[in-house]
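Listed below, chain by chain, are the residues.
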Amino acid sequence: MHAWWAEPDSLSHARAELQRALPGAVIDQPEAGFLSIADIATPPVIAFARQALPNARRMPVPSIRAAGEGIANEVLGSLPDEAPWRLHVASCYGMGRAGENRCRLIDEAVVEILRRRRRMRMKSRLPGDAPPRAGECWVQWLLVAPDRAVASLAGPDLVRSWLPMLVPAPAGQIPVASDKSAPCRAFAKLAEAEVRMGQRIVPGQSVVDLGASPGSWTHWAVQQGATVTSVDRAPLREDLMSHPRVRFAQGDAFAHEPARAVDWLVCDVIAAPRRSIDLAIRWARNRWARRLVVTIKFKGNADYPILDELKSGLAPLCAEFRLARLCANRNEACVMAVLPEFPPCP
């Protein structure tokens, strides 16, 4: 089976989203918080799922040692020797610190067994939070109780097709960034989006921040060395207004057009979902930015199906497309996209 794990308050929305993506598919719930289907040719992007588990199955966990042996045997027996691999062991639901300790001990058991049996295999292990990329293998054990788990073993071919849904953190839980000097906590969404994309804003890059006030996303970008054009009807915080790498353009974020292509469009504007979706698609069609990070904000949950328009309208324009309810989101989703290489705007 292929499975997805979702937070309790997102599970019903993830199920509805999966049903819309795969009409007629039989959706099972093998464990609390998990949705699964028997097989699929092209995996859909499910915004309300926290993590994807391709090639998943339920596994007994009789002991820490037995779990470590089981994972080590899978790494040695099922994964290509030359492929880099990562391991996520995480607890789900109700085990608190005890579950976290159990996961840590299982991970340590895997390391000890592999070092004893094939030390070279440990050298190709990637950190669990390394940027996702094709060509690697993923091993996931999400504990649903002290004595059982939902396990996923994905080789390079599966990882390649499932990459937009694989989150580089155990159980898809990316710690929310902290920066007390930011104008507000909204910057954490952009920080998390970078982790999920495996791409960072770096010195010398150009960024357009639409709906920028009071300036948290602008603050995050300039802290990383970028030059930012910030667009809003209201000014940014005073220190950002005077920052040498910030150009403030007072006006309507939805009417702004760049003179040339920029490295990043970032947008956390408060607007109706359709306006933000149309903005993202418009920027992609016009090739005004190489990467997009746009928040889609909701009131209630009646408009959640509109995210399907992003999948059909924006994804075909992109080299990489991700859509997720971030750990740092509230009643929001975030689209993260990388466009194909293209010449600068005239």
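Just above, that's the structure.
Numbering of residues begins from 1 in every chain and follows the order in which that chain's sequence is written. The predicted nature of this model means local features are confined to residues of pLDDT at least 70 and side-chain atom pairs, given and counted, to a pLDDT of 80 or more, with totals for whole chains, interfaces and linings taken over all residues. Side-chain metrics in this entry use all non-hydrogen atoms of the structure; hydrogen atoms and water are not considered.

### Comments concerning the nonpolar core
Thinking step 1. The nonpolar core is taken to be a set of buried Ala, Val, Leu, Ile, Met, Phe, Trp, Tyr and Cys residues, with the residues joined through side-chain atoms within 4.5 Å. Burial classes follow relative accessibility: with a 1.4 Å probe on protein chains only, a residue under 20% of its type's maximum area counts as buried, one over 50% as exposed, and anything between as partly exposed. Among the nonpolar cores identified, the biggest contains 58 residues, and Trp-283, Leu-310 and Leu-314 are the most heavily contacted of them.
Thinking step 2. Strands are runs of DSSP state E lasting at least 2 residues, helices are runs of H or I lasting at least 4, and numbering of each runs from the N terminus. Examining the composition of this core, we find that six residues originate from one element, helix α9 (residues 273-285), more than from any other.
Thinking step 3. Here, two residues are considered to be in contact whenever any of their heavy atoms come within 4.5 Å of each other. Discounting chain neighbours no more than four positions away, the residues touching Leu-314 are Ala-280, Ile-281, Ala-284, Leu-292, Glu-309, Phe-321 and Val-335.
Thinking step 4. In this structure, Ile-201, Ala-212, Val-222 and Val-338 belong to the second largest nonpolar core, which totals 27 residues.

### Notes on the sheet that holds strand β4 (residues 56-60)
Thinking step 1. Ordered in space as β4-β7-β6-β5, the four strands form an open sheet in which the pairing is mixed. Edge strands, defined here as strands with exactly one partner in the open sheet, are β4 and β5 (85-91). Averaged over all adjacent pairs, the angle separating strand axes in this sheet is 20°, with direction ignored.
Thinking step 2. Between N-to-C directions, angles span 0 to 180 degrees; the directions come from axes that are lines fitted to C-alpha atoms, helices contributing only their stretch in contact. Docked against the sheet, helix α2 (residues 64-78) engages β4, β5, β6 (137-145) and β7 (148-154), running at close to 160° with respect to β6.
Thinking step 3. Sheet strands in contact with helix α3 (residues 96-117) are β5 and β6, and its direction is about 150° off that of β5. By definition, two strands form a pair when at least two bridges between them are found by DSSP.

### Quick look at the packing of aromatic side chains
Thinking step 1. Any two rings among Phe, Tyr and Trp, with Trp reduced to its six-membered ring, count as a pair given centres within 6.5 Å; such a pair is stacked if its planes are under 30 degrees apart, edge-to-face if over 60, and tilted if neither. Enumeration according to the criterion identifies five aromatic pairs in this entry.
Thinking step 2. An angle of 40° between the planes, with centres 5.4 Å apart, marks the rings of Trp-4 and Trp-162 as tilted. With Trp-4 in strand β1 (residues 2-5) and Trp-162 in helix α5 (residues 156-162), this residue pair connects regions lying 158 residues apart in the sequence. Pair check on accessibility: Trp-4 and Trp-162 agree, each one buried.
Thinking step 3. Residues Phe-187 and Trp-220 carry aromatic rings whose centres are separated by 5.6 Å and whose planes lie at 25° to one another, so their mutual orientation is stacked.

### As for the sheet that holds β1
Thinking step 1. An order of β2-β1-β3 is seen for the three strands of this open sheet, with the pairing classed as antiparallel. Of all strands in the sheet, those bounded by a partner on one side alone are β2 (34-37) and β3 (51-53). With strand direction ignored, the average angle separating the axes of adjacent strands in the sheet is 20°.
Thinking step 2. Set on the sheet, helix α1 (residues 11-21) makes contact with β1 and β2; between it and β2 the angle comes to about 15°.

### What about the pattern of salt bridges?
Thinking step 1. Salt bridges are identified by distance alone: a Lys or Arg side-chain nitrogen within 4 Å of an Asp or Glu carboxyl oxygen. Within the structure shown, the criterion is met by 30 salt bridges.
Thinking step 2. We note a salt bridge from Glu-257 to Arg-282, for which the minimum N-O separation is 3.1 Å. In this pair, Glu-257 sits in the loop between β10 (246-250) and β11 (262-267) while Arg-282 sits in helix α9, placing the two residues 25 residues apart along the sequence.
Thinking step 3. Between Asp-308 and Lys-311 there is a salt bridge, and its shortest N-O distance comes to 3.8 Å. Note that Asp-308 and Lys-311 are positioned in helix α10 (residues 307-313) at a spacing of three residues, about one turn of the helix.
Thinking step 4. On the accessibility criterion, Asp-308 (25% relative accessible area) is partly exposed.

### So, α2
Thinking step 1. The end-to-end C-alpha separation of α2 is 21 Å, in line with the 21 Å expected for 15 residues at 1.5 Å each.
Thinking step 2. Residues of α2 that are buried include every one of Ala-67, Gly-68, Ile-71, Ala-72, Glu-74, Val-75 and Leu-76, and no others.
Thinking step 3. Elements that come into contact with the buried residues of α2 comprise β4, β5, α3, α4 (119-123), β6 and β7. To estimate how far a helix should extend, the number of its residues minus one is multiplied by 1.5 Å.

### Thoughts on the pairing of β5
Thinking step 1. Taken across its seven residues, β5 has six buried, putting it largely inside the fold.
Thinking step 2. Sheet topology places β5 next to β6; seven bridges connect them, and they run parallel. Paired with Arg-86 across the bridge in β6 is Trp-138.

### A short note on the pairing of strand β9 (residues 227-232)
Thinking step 1. Counting buried residues along β9, five of its six residues qualify, which places the element largely inside the surrounding structure.
Thinking step 2. Bridge count for strand β8 (residues 206-210) against β9 is five bridges, and the pairing is parallel. Looking at β9, one finds that Asp-209 is bridged to Ser-230.
Thinking step 3. Call a crossover right-handed when, viewed with both strands pointing away from you, the route from the first strand across the helix to the second goes clockwise. Crossover β8 to β9 through helix α7 (residues 216-223) is right-handed.
Thinking step 4. By the bridge criterion, five bridges tie β9 to β10 in an arrangement that is parallel. What sits directly across from Val-231, in β10, is Ala-249.

### Examining the side chain of Asp-232
Thinking step 1. Within the secondary structure, Asp-232 sits in strand β9.
Thinking step 2. Charged residues are defined here as Lys and Arg on the positive side and Asp and Glu on the negative side; His and the ends of the chain fall outside this count. No salt bridge forms around the buried Asp-232; measuring N to O, its nearest opposite-charge neighbour Arg-233 is 6.5 Å away.

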